[in-house]
Every structure is written in structure tokens, then in C-alpha cells.
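# Report on the structure
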Amino acid sequence: QVQLVESGGGLVQAGGSLRLSCAASGRTFSRNDMGWFRQAPGKEREFVAAISWSGGYTVYSDSVKGRFTISRDNAKNTQYLQMNSLKPEDSAVYYCAADGTTYQFRPATAVSEYGYWGQGTRVTVSS
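I will try to describe carefully the structure that is included in this document. (Residues numbered from 1 in each chain as written. Predicted model: local features only at pLDDT ≥ 70, side-chain atom pairs only at ≥ 80, totals over all residues. Heavy atoms only, no water.)

Our focus in this paragraph is the state of the cysteines. Counting across every chain of the model gives one disulfide. Here Cys22 engages in a disulfide with Cys96; their sulfurs sit 1.9 Å apart. Since a negative S-S torsion denotes a left-handed disulfide, the Cys22-Cys96 link at about -65° is left-handed. Here Cys22 is found in strand 3 (residues 18-25), whereas its partner Cys96 is found in strand 9 (residues 92-102), with 74 residues between them in sequence. Judged by its relative accessible area of 0%, Cys22 falls in the buried class. The exposure class of Cys96 is buried, given its relative accessible area of 0%. (Disulfide = S-S within 2.5 Å. Helix = DSSP H or I, 4+ residues; strand = E, 2+ residues; numbered from the N terminus. Buried < 20%, exposed > 50% of the residue type's maximum accessible area, 1.4 Å probe, protein only.)

What follows is the structure in C-alpha cells.
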């Protein structure tokens, strides 16, 4: 059974930091791009960041560029999202995702491109 399990969410003050982790089990994702998405109440799920299977290419949404850093450790089958300078508008449930296709040319930013999803971890940023 393939599982993606997020951890590291919580309550933080504006300007603070959090580090999210996503541990995969049931299969290796070392050949698959991975990403983070988020969904705030009443809004659609949106792209946050993605990383290529090798870790050599990353892409970010404009709203988090320069503040968030995505990384991965293929030996641990885990990806991370370091979130700095958090703002109240970053509050959402954050989801880990993995592309079902191996060796993609570039990581995708669309929800529909990802076939594996975690259950989400909530991040709340207070002002």
C-alpha cells in the first residue's frame, strides 16, 4: 500500500518558520517528481512547489518564491518544505504529492499531474 504521510504542520506567528516533511512508503519515489500543494478554506487546491526526481530542478509559485525551499532525500524516500517568513495568507492544509510517471522532463505544477497524495497537514499562521 502506497502512502505519503505529511508532518510538521502547526501554529506559528507571522514571520516564523516551519518545516514540513513527507515520508513515502510502499514504493520508492526516487524516480518521480514530487510536489507540495495547499488548500485554504473555501479555495481550490493550489500549487506551492515541486522538485524533480533527481532534486536538481525546483519550481515555486510566485507567492512563496524566496521564502519556501523544497528538497528531498531519495535515500529516505522523503521530501521536505522549509517555510520561512510565514504570512497569515500561508495558512492552509498542505498536501504532499508524487507524480506517478517516472523520469519526467520537468516537474509539473498542475494538481491533475500528480497521482499520489498525502492526507495533509494543517499550517496556521497568526498575525
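Here the focus is the pattern of salt bridges. Oppositely charged side chains can form a pair if their charged atoms are brought close together. Here the structure, examined in full by the defined rule, presents four salt bridges. Arg38 is paired through a salt bridge with Glu46; the nearest N and O atoms lie 2.6 Å apart. Taking the relative accessible area as the measure of exposure, Arg38 reaches 6% and is therefore buried. For Arg67, the salt bridge goes to Asp90, with nearest N and O atoms at 2.7 Å. Of this pair, Arg67 sits in the loop between strand 6 (58-60) and strand 7 (68-73) while Asp90 is found in the loop between strand 8 (78-83) and strand 9, placing the two residues 23 residues apart along the sequence. Since its relative accessible area comes to 1%, Asp90 is described here as buried. Three or more residues are tied together by salt bridges with common partners; here these are Arg38, Glu46, Arg67 and Asp90. (Salt bridge = Lys/Arg side-chain N within 4 Å of Asp/Glu carboxyl O.)

Let us now look at the side chain of Asp99. Mapped onto the fold, Asp99 is located in strand 9. For the buried Asp99, no salt bridge is present, and the opposite-charge side chain at shortest range is Arg27, 8.5 Å distant. Polar contacts involving the side chain of Asp99 include one to the main-chain amide nitrogen of Thr101, which spans 2.8 Å. In this structure the side chain of Asp99 is engaged in a polar contact, spanning 3.2 Å, whose partner is the side chain of Gln104. If we skip the residues at most four places from it in the chain, Asp99 touches Asn32, Asp33, Gln104, Glu113, Tyr114 and Gly115. (Lys, Arg positive; Asp, Glu negative; His and termini not counted. Polar contact = N/O pair within 3.5 Å; in protein donor to acceptor, adjacent residues only side chain to side chain. Contact = heavy atoms within 4.5 Å.)

Here we come to the nonpolar core. Core analysis: the biggest nonpolar cluster contains 25 residues, and Trp36, Leu81, Met83 and Tyr94 have the highest contact counts within it. Among the secondary structure elements, those contributing two or more residues to this core are strand 3, strand 4 (32-39), strand 5 (46-51), strand 7, strand 8, strand 9 and strand 11 (121-126). One finds Phe37, Ala97, Ala108 and Tyr114 within the second-largest nonpolar core, a separate group that totals six residues. (Core = buried A, V, L, I, M, F, W, Y, C linked by side-chain atoms within 4.5 Å.)

Honestly, it's all geometry; don't read function into it.
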